[in-house]
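Breakdown of the fold
The primary structure of each chain is shown beneath.
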Amino acid sequence: MLSNKIAVITGSAGGIGKATAKVFIRENIEGIAIVDYNYEAACKTAEELGPKAFPVKCDVSNYEDVQAAIEKVLEHFGRIDILVNNAGITRDVIFHKMTVQQWEQVINTNLNGVFYWTHGVYKQMRENNYGRIINLSSTAVRGNPGQCNYSTTKAALIGFTASLAKEGGRKNITVNCVAPGATQTEMYDKVPDEIRQAMIASNPMQRLGQPQEIGEVIAFLASERASFLSGQWIPVNGAK
Ligand SMILES: NC(=O)c1ccc[n+]([C@@H]2O[C@H](COP(=O)([O-])OP(=O)(O)OC[C@H]3O[C@@H](n4cnc5c(N)ncnc54)[C@H](O)[C@@H]3O)[C@@H](O)[C@H]2O)c1
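Residues numbered from 1 in each chain as written. Predicted model: local features only at pLDDT ≥ 70, side-chain atom pairs only at ≥ 80, totals over all residues. Heavy atoms only, no water.

Comments concerning the packing of helix H1 (residues 15-26) against helix H8 (residues 211-222)
Worth spelling out the cut-off: Orientation is described by lines fitted to C-alpha atoms, with helices fitted over the stretch in contact, and by angles between N-to-C directions that extend from 0 to 180 degrees. Note on conventions: DSSP H or I runs of at least 4 residues are helices, E runs of at least 2 residues are strands, and numbering of each starts at the N terminus. For classification purposes, angles smaller than 35 degrees are called roughly parallel, those larger than 145 roughly antiparallel, those between 65 and 115 roughly perpendicular, and all remaining angles oblique. By convention, the crossing between two helices is left-handed when the near helix turns anticlockwise from the far helix through less than a right angle, and right-handed when the turn is clockwise. Any two residues whose heavy atoms approach within 4.5 Å are treated as being in contact.
Running from N to C, H1 and H8 point in directions that differ by 55°, and their axes come no closer than 8 Å. By the angle class used here, H1 and H8 are oblique. H8 is crossed by H1, and the crossing has right-handed handedness. Listed contacts from H8 to Gly-15, Ile-16, Ala-19, Thr-20, Val-23, Phe-24 and Arg-26 of H1 are Pro-211, Gln-212, Ile-214, Gly-215, Glu-216, Ile-218, Ala-219 and Ala-222.

Next up, the structure:
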């Protein structure tokens, strides 16, 4: 259960973030900030989730935006106990054709966005002697053609997570990575059809992951049941 806890999930207007928010509500979370740069979609999601959900507009790749969003969440809920750094993008392209912009967009969202949010909420977690931070990595850390930018960010989160877990331990702050395999969301819809079919065929379970299946693991890591589990990278990928 997540009773008496306040959570932030970035990129939670859709996909894995929204599915995780639904699991958090089922687990009786006290309050949850639905953070997304698509504010219209965030409001729609919050409406669907009910009165515990609070929509917040924020581009995680923009430092000032993140600071303002954290202030808004703290004003509304008073504290942040759980941070799920979920917002992420792909800009897949073979390396010799990758532009600086495609490199920087992915680094700024998937990596700098995690730094901005975590840095902004970590101090109050230390003061409260409590925190659960869950970062969305990916099994793409093992490498995929066309994903040099994306794989770099998702691998970097493993080191970030392991180091911060060692710093946060004495303040009762756990930090973990969840690493989904191919999961049925809009992000996955952008993958060309023949690659998608190959991904399904090569998975031992012969299917994609469902967003809720990722959300269940995130909810476990966010809960008291995972109180001594920290610094880990946990693949959720049907054994692929
Ligand atoms: N779907 C997969 O197969 C898969 C596999 C491994 C890891 N992941 C990771 O899981 C996370 C969620 O992925 P998803 O499949 O649900 O993606 P998605 O594209 O379906 O949803 C991402 C959400 O993040 C929001 N977002 C994107 N950039 C943002 C920004 N700069 N600021 C605020 N919000 C932003 C989008 O508006 C959207 O609501 C990502 O970090 C992704 O890298 C996904």
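Picking up where we left off.
Quick notes on the side chain of Thr-174
Along the chain, Thr-174 falls in strand S6 (residues 173-180). Excluding anything up to four places from it in sequence, Thr-174 contacts Gly-131, Arg-132, Ile-133, Leu-221, Ala-226, Ser-227, Leu-229 and Ser-230.

Some remarks on the pattern of salt bridges
What counts is decided by this rule: By convention in these notes, a salt bridge is any Lys or Arg side-chain nitrogen within 4 Å of a carboxyl oxygen on Asp or Glu. Exposure is judged per residue with a 1.4 Å probe applied to protein chains only, and the accessible area is read against the type maximum: over 50% gives exposed, under 20% gives buried, and values in between give partly exposed.
For the coordinates displayed, the defined rule picks out nine salt bridges. One salt bridge in this structure joins Glu-216 and Arg-26, with 2.8 Å as the shortest N-O distance. Of this pair, Glu-216 sits in helix H8 while Arg-26 sits in helix H1, and the two are 190 residues apart along the sequence. We classify Glu-216 as partly exposed; its relative accessible area is 28%. The structure contains a network of salt bridges with shared partners spanning Lys-18, Lys-22 and Glu-48.

A look at the environment of Ala-165
Topologically, Ala-165 is positioned in helix H5 (residues 148-168). In this structure the C-alpha to C-alpha distance between Ala-165 and Ile-133, which are 32 residues apart in sequence, comes to 9.1 Å. For Ala-165, the residues in contact, after removing those within four places along its chain, are Ile-173, Val-175, Ser-230 and Gly-231.

Overview of the environment of His-76
When you line up the elements, His-76 lands in helix H3 (residues 63-77). Exposure remark for His-76: the relative accessible area of 46% places this residue in the partly exposed category. It is 9.5 Å that separates the C-alpha atoms of His-76 and Gly-31, two residues lying 45 residues apart in sequence.

Structural notes on the side chain of Thr-185
Note the threshold: The term polar contact refers here to a pair of N or O atoms within 3.5 Å; inside protein, the definition further demands a hydrogen-donor-capable atom paired with an acceptor-capable atom, and it admits residues adjacent in sequence only when both atoms are side-chain atoms.
Among the secondary structure elements, Thr-185 is positioned in the loop between S6 and helix H6 (186-189). Since its relative accessible area comes to 14%, Thr-185 is described here as buried. Reaching out from Thr-185, the side chain makes a polar contact with the backbone nitrogen of Met-187 at a distance of 3.2 Å. Residues contacting Thr-185, with those up to four places away along its chain left out, are Gly-15, Ile-16 and Pro-211.

Considerations on the sheet that holds strand S2 (residues 31-36)
Sheet strands associate in pairs through backbone hydrogen bonding, adopting either a parallel or an antiparallel arrangement. The following threshold applies: Strand pairing is assigned whenever DSSP detects at least two bridges linking the two strands.
Reading across from one edge, S3-S2-S1-S4-S5-S6-S7 is the order of the seven strands in this open sheet, with parallel pairing throughout. The open sheet terminates on both sides in strands that have one partner only, identified here as strand S3 (53-57) and strand S7 (233-236). Within the sheet, the average angular offset between the axes of one strand and its neighbour, ignoring direction, is 20°. Across the sheet, helix H2 (residues 39-49) is in contact with S2 and S3; its angle to S3 comes to roughly 175°. Each of strand S5 (131-136), S6 and S7 touches H5; the most contacted strand, S6, lies at about 160° to it.

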